[in-house]
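What follows is each chain in one-letter form.
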Amino acid sequence: MRGVIEQSVVERCEDVDKEKKKRRRPRRSKQNTSASATCSSANEMPLEATECLENGGINYDTTSMSYSASKQRGSETNPLENHGLHKASDVAFTSLPTMRLNEQTLNTEVECINNQHIFPSDPSRRMFSKSCPVPIDYQQSIQSVTNQNIPSPYQDEGCNPRRCFTPHWSIEAVNEALKKGNVFRASFRVNAHNRIEAYCTIEGVKTDVLISGVASQNRAVEGDIVAVKVDPISLWSKMKGSTGFSNNTGLTEDRNLLPDVTFVGDSWKGKNKVDVGFDFDHESNHFLFHEKGSPYEDNASSRENVSREPMGHYRVNGHHPPVSGPSHFSNMDSLEEICAAIDSFPSKRPTGSVVAIIEKSLRRVAVVGFLSIRQWLSSCGLHRKGTKMNRHYLSPSDGEYIQLTPTDPKLPKMVVPVRGLPDCIKKRLDNGDASIEMELVAAQIIDWGEESSLPLAQVMHIFGRGGEIEPRIAAILFENAILPSEFSPESLSCLPPVPWKVPQEEIERRRDLRNLCIFTIDPSTATDLDDALSVEKLFDGNYRVGVHIADVSYFVLPDGFLDSEAQSRSTSIYLLQRKLPMLPPLLSENLGSLIPGVDRLAFSIFWDINVAGDVVDRWIGRTVINSCCKLSYEHAQGIIDGNFDLEDSKILGNDCPQLHGHFKLSDVIRSVKDLHAISKTLRTNRFNNGALLLDGVEVILLFDENGIPYDSSFSVPKDSNFLVEEFMLLANRTAAEVTSKAFPDNALLRRHPEPNLRKLREFEAFCSKHGLELDTSSSGRFHHSLEQIRVKLKNDTVLFNILLSYASRPMQLATYFCTGDLKENKNGWSHYALAFPLYTHFTSPLRRYPDVIVHRILAAAIEAEELYMKQVAKMRKVKNWEEMRCFTGIHFDKNAAESVEGRKSLSVAASKHQLPCTEVLVNVADYCNERKLASRHAKDGCERLYMWVLLKKKEILLSEARVLGLGPRFMSIYIHKLAIERRIYYDEVEGLKTEWLDATSTLVVNLSINKCSYWRGNQGKYRRVEDVAWVIPPCLKQEADAFEGTVDKWGATSVGRDNVAPMGPSCTSESGVSDANEIEPSFFPLTVRTLSTIPVVLHAVGGDDGPLDIGARLYMSSYYG
């Protein structure tokens, strides 16, 4: 049994708690504190646990605690001695570590990042930081912490432990309960607005289970896989958003989410050819939320209604939690019972509690946050105003702890042992350096016992100042386990020396297409050119269209060093101002890139397409090509629009593309026009067959020569984007058909499940409430309804963009999967948004590892076909067998595949190309899904960072906003200029009076002449009106309008390069950031309804003193302000 805090400390904490209770007696608070809310669980809690959480019981005194270390448990060992830190490649094809329940040791939870290779700064695995001039050796640091025998914060002599949490079930008990259906395996997610509110997704249950209260969450962390026990129906809470999207529910959930933005003038190719608007593996419409199609089924927004009653009992949404003794209601002991109950009570949400942690989230070992240094220094007597520091107190004692506040609001606050800090931090603490508090640190959770309400963490290193770009980017990469290091010498040794040319013997083994007019269409600054196009008109009037993809599998051989590194990285990551490639630049930008004028190896697919857009024949094979030119999207769009002038040789102001070989510019122009005409037919057919498009305008950031954002603007996809997209989609679909039929148990496909039905119904209700008809019975009807709404709202594009964002919310993530893993559920193979029965990724092998796997499977199918046809030709004496296609042609010969010769040919080819078995391919798919999601989070994090930098530079930005959600406490607004959603809280504001008219869902906001009188003990409860509204007298507004430039005094700043037109060829005519003087303030009293337009003031929040965010306030004018 672990010890607890020293008795004197406990008594002191209890005295403080009693004093706090006395101060609260004069007035009952409307809102419970988060500490009291932690007991809102609908599960039985021991009395001591209730007391601990009721008092906000943190068993660590982070100000002046000193714990006795004289009596350590002899059986306690620290696994830090035996476990290093894994690099990402070590977990490429292994599942997350299984849980160790009820351990008596500090669990390091670092199985997945051995040797700290997760964030190396150099090949020697030593870390460098701007704040730590000496490199940190993590293995040495860990050993140092272990050797110091840091006392557990739970230990003390002579005291019995007080549990804050119920013990986790044993592995055996969990497994037995899972078999019986008493508990369920689920993924655990935390509400970013309210950490004591979490949700668990159970496979097969369409509604997420609410886990309300810290006690019910039972030490689970964002991303954990947990065992959850569902409460009886009588304890289920009311479904949020069941009455629509008003009253602070529904679609007003996440203030931290920012839209997808694209860097203008980038030096690499940020490809969105196939995924945009269709694949839902990242945001598809670039507006409200950057997590469109998020795996999070329910990110509820408003805080749980938790109220305290006498005798220590609590109510959750009006229901009493269970007490000791038998329940009057039957338990939810099977999926069938839960699903039936959900169907019977659609207005209720199931609730439950965590009983065990099955798999621990990688977030536990990748924590980023700030240390509360000033509090610790003050407790040590070092931070005294006007006095000289006493050097006697500069050596931290063994039992002292510092609080760590993560930047992610979904993670709990933590405590860190001072003695275990890196030497560079301890040295600065010795010198009383309080500036450490402004620096981001990397940490990991090493223990969270039942006796403590906060987890114990260890700091590994410092990134740098929280308000600087580079430390923030480094922290983003660390959080997502992304390797920013260079490629290893072993992986680089797998590439041929340069200069290199295609070997003659390789040309002879392939179809030679060097005399075909082939060209690429990419962003103007792209360097990794992995796809090219060609088109020929046949004698029968059909067109032969070719898609040619870089043959990366020729260079990346299975199980080689380069293959291992590509597996580990899984995907290239584009971070606006930089790129982290999956493959070495020598390969991705040179040897494998389809550079014009040089011979390159390719995988080619040809289709014969008639005028109706039907594919009548196809050929797939390995080729050698020589691209004749590199077109930009602007070039292609100029040709499509007919803006090309042969005499001036200009396209939209850009220089004419350089031609190579014997082809003329007229050949390229004719090809582009033919491809455009065919792509339009294919696109029309696709949407007629049920495809869904949720794509709209895109916010792009504009950067100056120093890489600092100075403005934002809008961009919309154009015909040149759609041209490339259609043929990439067709190529991916073709590869999926061939590989899944040739190797039905070993194909790597991509699926997109149907949307969340409940959220879809809510969206329908919202549209109906505002007079908009919507049919979501199928993806095709959904798309058709949106197109009708687009026409109806042609004069209100902002509202339509909001609707597109809302429409994306029910969408689920598209994921990779192995066909053998879903053999019994082939209906689950389809792609909802594309309306394709089979789909995969084939067209981007330079930046996605799954494409490399698909190339190998496709190569095996081609070779198996050749082996089979040779045998058949020999037996049947057939001539011209090379033209016969049984596995890769438009008609798959199932009898041939199932014949003895066919099975043998497929087996030999699979062995030659080293195709992974089903079990391995399942792990490959899971890992690629995880890495793809991590790369998206990193991309989104960098976009939020640069958006914050833009606002920090602007200081204050005036904008119009649309009210999306409205209630008595806060409103959710959509800022069109930045395409972000934010919240404005107006409850409990001194000097502000609000009136909520529930009958009409109307809010009236006015200034209050009589200021609030604070109750004793509640001085910090009310906020200032300046926190909610920026109020200026009309005379100051008139004076501000007289200035044309910067008006720093009133915040209408216009700094940097605002005079530069933020428009490019692909941008709309509207600037993302307009002049502040265009926005007029509103006057009090302000009446607000849903979808009202209001003026707001935006500003950057956080940096050196906390997480980054963009704050929003009302922009008001008043003579009484």
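Residues numbered from 1 in each chain as written. Predicted model: local features only at pLDDT ≥ 70, side-chain atom pairs only at ≥ 80, totals over all residues. Heavy atoms only, no water.

Visitor: When you look at the overall build of the chain in this model, what are you seeing that I'm missing?
Guide: Summing up its helical and strand segments, the chain has 25 helices and 45 strands in all. Across the 1121 residues of the chain, 60% fall into the buried class. (Helix = DSSP H or I, 4+ residues; strand = E, 2+ residues; numbered from the N terminus. Buried < 20%, exposed > 50% of the residue type's maximum accessible area, 1.4 Å probe, protein only.)

Visitor: How do you make sense of the packing of aromatic side chains when you look at a structure like this?
Guide: Geometry of an aromatic ring pair is reported as the spacing of the ring centres plus the angle between the planes. Within the structure shown, the criterion is met by 15 aromatic pairs. With a centroid separation of 6.1 Å and 75° between ring planes, the pair formed by phenylalanine 603 and phenylalanine 842 is classed as edge-to-face. With a gap of 239 residues between them, phenylalanine 603 in strand E24 (residues 599-609) and phenylalanine 842 in the loop between strand E32 (815-818) and helix H21 (849-876) connect regions that are remote in the sequence. For phenylalanine 603, a relative accessible area of 0% corresponds to the buried category. Aromatic pair phenylalanine 817 and tryptophan 829: ring centres 6.0 Å apart, planes at 50°, arrangement tilted. Of this pair, phenylalanine 817 sits in strand E32 while tryptophan 829 sits in the loop between E32 and H21, and the two are 12 residues apart along the sequence. Taken together, the ring pairs connect Trp500, Tyr554 and Phe555 into an aromatic cluster. Of note, lysine 348 hangs over the ring of phenylalanine 345, and the distance from its end group to the ring centre comes to 5.9 Å. In this structure, arginine 683 is placed above the aromatic ring of phenylalanine 722, and the distance from its NZ or CZ to the ring centre is 3.7 Å. (Phe/Tyr/Trp six-rings, centres within 6.5 Å; stacked < 30°, edge-to-face > 60°. Lys NZ or Arg CZ within 6 Å of the ring centre and 35° of its normal.)

Visitor: In this structure, what is going on with the sheet that holds strand E43 (residues 1086-1088)? I would like to understand it.
Guide: Strand pairs in the sheet, formed through backbone hydrogen bonds, run parallel or antiparallel to each other. With antiparallel pairing, 3 strands are arranged side by side in an open sheet as E37-E38-E43. What marks the edges here is a single partner per strand, and that holds for strand E37 (992-997) and E43. Adjacent strand axes in the sheet meet at a mean angle of 15° when their direction is disregarded. (Pairing = 2+ DSSP bridges. Axes fitted to C-alpha atoms, helices over the stretch in contact; angles between N-to-C directions.)

Visitor: Would you mind going over the environment of tryptophan 376 with me for this structure?
Guide: Tracing the backbone through its elements, the reader meets tryptophan 376 in helix H8 (residues 373-379). Distance from tryptophan 376 to tyrosine 401, taken between C-alpha atoms, is 8.0 Å for residues 25 residues apart in sequence.

Visitor: Even after reading the chapter, I still don't get helix H10 (residues 469-479), so can you show me in this structure?
Guide: Every α-helix winds through 3.6 residues per turn, so residues three or four apart in the chain are directed the same way. In terms of burial, H10 is largely enclosed, as 9 of its 11 residues are buried. Looking at H10, one finds that the buried residues are Ile469, Pro471, Arg472, Ile473, Ala474, Ala475, Ile476, Leu477 and Phe478. Alanine 481 occupies a position one or two residues after H10 and carries a positive phi of about 55°.

Visitor: Please explain the nonpolar core as it appears in this structure.
Guide: The nonpolar side chains of a soluble globular protein tend to be buried, and buried together. Core analysis: the largest hydrophobic core is formed by 99 residues, its most contacted members being Phe519 and Phe727. Looking at this core element by element, the count peaks at 14 residues for H21. With sequence-adjacent residues up to four places away left out, phenylalanine 727 is seen in contact with Leu533, Val545, Val547, Trp607, Leu675, Ile678, Ser679 and Leu682. If you look at the next biggest cluster of nonpolar residues, it comprises 80 residues, including Leu772, Leu793, Val989 and Val1005. (Core = buried A, V, L, I, M, F, W, Y, C linked by side-chain atoms within 4.5 Å. Contact = heavy atoms within 4.5 Å.)

Visitor: What exactly am I supposed to notice about the sheet that holds strand E3 (residues 184-190) here?
Guide: With respect to topology, 5 strands assemble into an open sheet ordered E5-E4-E3-E6-E12, the strand pairing being antiparallel. Each of the sheet's edge strands pairs with one partner strand only, and the pair in question is strand E5 (209-212) and strand E12 (352-359). Neighbour to neighbour, the strand axes of the sheet diverge by 40° on average, direction disregarded. The pairing of strand E4 (residues 197-202) with E5 spans 4 bridges and is antiparallel. Residue pairing for E5: tyrosine 199 is matched across the bridge by leucine 210.

Visitor: Explain the environment of leucine 477 to me, please; I cannot follow it from the model alone.
Guide: As for its position among the elements, leucine 477 is in helix H10. Owing to a relative accessible area of 5%, leucine 477 belongs among the buried residues under this scheme. Considering only alpha carbons, one finds leucine 477 and alanine 934, 457 residues apart in sequence, at a separation of 9.0 Å.

Visitor: How should I be thinking about the packing of H21 against helix H23 (residues 900-912) in this particular structure?
Guide: When two helices pack together, their arrangement is captured by the angle between the axes and the distance separating the axes. As a packed pair, H21 and H23 sit with axes 8 Å apart at the nearest point and diverge in direction by 140°. If you check the angle between H21 and H23, you find them oblique. Judged by the twist between their axes, the crossing of H21 over H23 is right-handed. For the pair H21 and H23, contact is made by Ala860, Glu863, Ala864, Leu867, Tyr868, Gln871 and Met875 and by Glu901, Gly902, Ser905, Leu906, Val908, Ala909, Ala910 and Lys912, respectively. Across the contact of H21 with H23, the residue classes tally to 9 nonpolar, 3 polar and 3 charged. (Parallel < 35°, antiparallel > 145°, perpendicular 65-115°, else oblique. Left-handed = near helix turned anticlockwise from the far one by under 90°. Nonpolar A, V, L, I, M, F, W, Y, C, P; charged D, E, K, R; others polar.)

Visitor: Please explain the packing of helix H15 (residues 633-641) against helix H17 (residues 719-742) as it appears in this structure.
Guide: Put simply, H15 and H17 touch, their axes get as near as 8 Å, and they point 105° apart. When the axis of H15 is compared with that of H17, the two are roughly perpendicular. Between H15, through Tyr633, Ala636, Gln637 and Ile640, and H17, the contact on the second element is made entirely by Asp719, Ser720, Asn721, Leu723 and Val724. Residues belonging to the contact of H15 with H17 are distributed by class as follows: 5 nonpolar, 3 polar and 1 charged.

Visitor: Could you clarify how one ought to interpret the pairing of E24 in this entry?
Guide: Every other side chain in a regular strand lies on the same face of the sheet, so the side chains alternate between the two faces. With 10 of its 11 residues buried, E24 lies for the most part within the structure. When strand E21 (residues 543-550) meets E24, the two strands line up antiparallel, connected through 8 bridges. Paired with histidine 548 across the bridge in E24 is serine 604. Pairing between E24 and strand E25 (residues 615-626): 11 bridges, direction antiparallel. In the sheet register, arginine 600 faces E25, and the bridge partner there is isoleucine 625. Counted between consecutive antiparallel strands, the loop separating E24 from E25 contains 5 residues, among which glycine 613 sits at a positive phi close to 85°.

Visitor: Explanation requested: the side chain of asparagine 218 in the structure shown.
Guide: With respect to the element layout, asparagine 218 can be found in the loop between helix H6 (214-217) and strand E6 (225-230). A distance of 3.3 Å separates a polar atom in the side chain of asparagine 218 from a polar atom in the side chain of arginine 219. Excluding residues within four positions of it along the chain, asparagine 218 makes contact with Phe165, Thr166, Pro167, His168, Val354 and Val355. (Polar contact = N/O pair within 3.5 Å; in protein donor to acceptor, adjacent residues only side chain to side chain.)

Visitor: I tried to follow unusual backbone geometry on my own but got confused; where do I start?
Guide: Residue proline 499 follows valine 498 across a cis peptide bond; omega there is 0°. Within the secondary structure, proline 499 sits in the loop between helix H11 (489-492) and helix H12 (504-508). The peptide bond linking phenylalanine 1084 to proline 1085 adopts the cis configuration, its omega dihedral lying at -5°. With respect to the element layout, proline 1085 can be found in the loop between strand E42 (1082-1083) and E43. Positioned with a positive phi, arginine 219 is a non-glycine residue whose angle comes to about 75°. Its location among the elements puts arginine 219 in the loop between H6 and E6. For arginine 219, a relative accessible area of 6% puts it in the buried group.

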